[in-house]
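# Secondary and tertiary structure notes
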Amino acid sequence: MNLYHCQIDLHHEAKALAFSSAVEQWMGYLKQRGVISEWRLLRRKLNLASDSCRDFLLEIQFEDMIQLDSAFKVLGEHDEAVERLYNTVTAFIAASDSGLYRVFPDPERAERMALI
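What this report covers is the structure whose coordinates are included nearby.

The rules we used
- Residue numbers run consecutively from 1 along every chain, following the written order of its sequence.
- Totals for whole chains, interfaces and linings use every residue, but because this is a predicted model, local features are given only for residues with pLDDT of at least 70 and side-chain atom pairs only at 80 or more, for both listing and counting.
- Side-chain figures throughout are based on the complete set of non-hydrogen atoms in the structure, without hydrogens or water.
- Helix and strand assignments follow DSSP, with helices taken as H or I runs no shorter than four residues and strands as E runs no shorter than two, numbered in order from the N terminus.
- To sort residues, take the accessible area from a 1.4 Å probe on protein chains only and compare it with the maximum for the residue type: under 20% means buried, over 50% means exposed, and anything in between is partly exposed.
- What sets the accessible areas is the Shrake-Rupley method with a 1.4 Å probe; for residues, cover comes only from the shown protein chains.
- Counting rule applied: Lys, Arg positive; Asp, Glu negative; His and chain ends not counted.
- Charge positions come from single atoms, namely NZ of Lys, CZ of Arg, CG of Asp or CD of Glu.
- Put simply, a nonpolar core is a bunch of buried Ala, Val, Leu, Ile, Met, Phe, Trp, Tyr and Cys residues held in one set by side-chain atoms that sit within 4.5 Å of each other.
- Contacts between residues were defined by any pair of non-hydrogen atoms, one from each residue, lying within 4.5 Å.
- The definition of a polar contact used here is a pair of N or O atoms within 3.5 Å, where within protein one atom must be able to donate a hydrogen and the other to accept one, and adjacent residues in sequence count solely through side-chain atom pairs.
- Two strands qualify as a pair provided that DSSP identifies no fewer than 2 bridges between them.
- Axes, fitted as lines to C-alpha atoms, cover a helix only where it is in contact. Angles between the N-to-C directions of the axes lie from 0 to 180 degrees.
- The salt bridge definition used is simple: a Lys or Arg side-chain nitrogen within 4 Å of an Asp or Glu carboxyl oxygen.
- Side-chain rings of Phe, Tyr and Trp, where Trp is taken by its six-membered ring, are said to pair if the distance between their centres is within 6.5 Å; with planes under 30 degrees apart they count as stacked, over 60 as edge-to-face, and otherwise as tilted.

### Digging into the overall build of the chain
The secondary structure content of the chain amounts to 4 helices and 4 strands. In the chain, the succession of α and β elements from N to C terminus is β-α-β-β-α-α-β-α. When each of the 116 residues of the chain is scored for burial, the buried share is 28%. As displayed, the chain offers around 8,000 Å² of accessible surface, 54% of which is attributable to carbon and sulfur atoms. Charge separation in the chain, taken as the distance between the mean sites of 13 positive and 18 negative side-chain charges, equals 5 Å.

### Describing the nonpolar core
Phe-19, Trp-26, Met-27 and Leu-30 are the most contacted members of the largest nonpolar core, which totals 23 residues. For this core, the element with the highest residue contribution is helix α1 (residues 16-32), accounting for 7 residues. Other than its neighbours up to four places away in sequence, Met-27 contacts Ile-36, Trp-39, Leu-58 and Ile-60.

### Describing the environment of Arg-44
Along the polypeptide, Arg-44 turns up in the loop between β2 (38-43) and β3 (56-62). Along the chain, Arg-44 and Leu-57 lie 13 residues apart, while their C-alpha atoms are 7.8 Å from each other. With residues near it in sequence (within four places) discarded, Arg-44 still touches Ala-49, Cys-53, Arg-54 and Asp-55. One polar contact links Arg-44 to Asn-47, side chain to side chain, over a distance of 3.2 Å. At 2.9 Å, the side chain of Arg-44 and the backbone oxygen of Cys-53 are in polar contact.

### Comments concerning the sheet that holds β2
Paired through backbone hydrogen bonds, the strands of a sheet run either parallel or antiparallel to each other. The strand order across the open sheet built from 4 strands is β2-β3-β1-β4, with neighbouring strands paired in antiparallel fashion. Only two strands of the sheet have a single neighbouring strand rather than two, namely β2 and β4 (93-102). On average, adjacent strands in this sheet sit at an angle of 15° to one another, irrespective of strand direction. Here strand β1 (residues 2-10) runs beside β3; their pairing, made up of 7 bridges, is antiparallel.

### Observations regarding the pattern of salt bridges
In total, this model carries 8 salt bridges according to the counting rule given. Linking Glu-77 and Arg-33 is a salt bridge whose minimum nitrogen-to-oxygen distance equals 2.6 Å. Linking Glu-77 in the loop between α2 (65-76) and α3 (80-90) with Arg-33 in the loop between α1 and β2, this pair joins segments that are 44 residues apart in sequence. Glu-77 sits in the partly exposed class, given a relative accessible area of 27%. Linked through salt bridges whose partners overlap, the residues forming this network are Asp-9, Arg-54 and Asp-97.

### Quick word on the pairing of β3
Buried residues dominate β3, accounting for 5 of its 7 residues. The sheet contact formed by β2 and β3 spans 6 bridges and is antiparallel. When the bridges of β3 are listed, Arg-40 appears paired with Glu-59.

### Re the packing of aromatic side chains
Overall, the coordinates contain 5 aromatic pairs when judged by the stated rule. Each ring, one from Trp-26 and one from Tyr-29, has its centre 6.1 Å from the other, and the planes form 10°; the classification is stacked. Note that Trp-26 and Tyr-29 are positioned in helix α1 at a spacing of 3 residues, about one turn of the helix. In this structure Trp-26 comes out as buried when scored by relative accessible area, which is 6%. Site record: aromatic cluster; members linked through ring pairs are Phe-19, Phe-56 and Phe-92.

Distances and angles like these do not, on their own, reveal function.
In structure tokens:
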């Protein structure tokens, strides 16, 4: 399993519920296409976070790197629905940081470690 982790701040005038709805539509589309496994959107609570933490956290789960690659290929399609859904989400975003994580130790590494 791979987890794509996005920290997001919205534009000051952006409405959080409208952003949430746009993310739900975009992630639902990607899930329906089979290019993501699961996702969840979280929001910082009571402003309890360090300065480096953004207001929203979007986590997108992929079974493997092939599925992640397929998701990026969907972004590259010249399709009006894809462009509309993607642009609707990104229009709300003022700043973001992202990273790709994996469960650790992963089964492959654990298996290799057992052979040493």
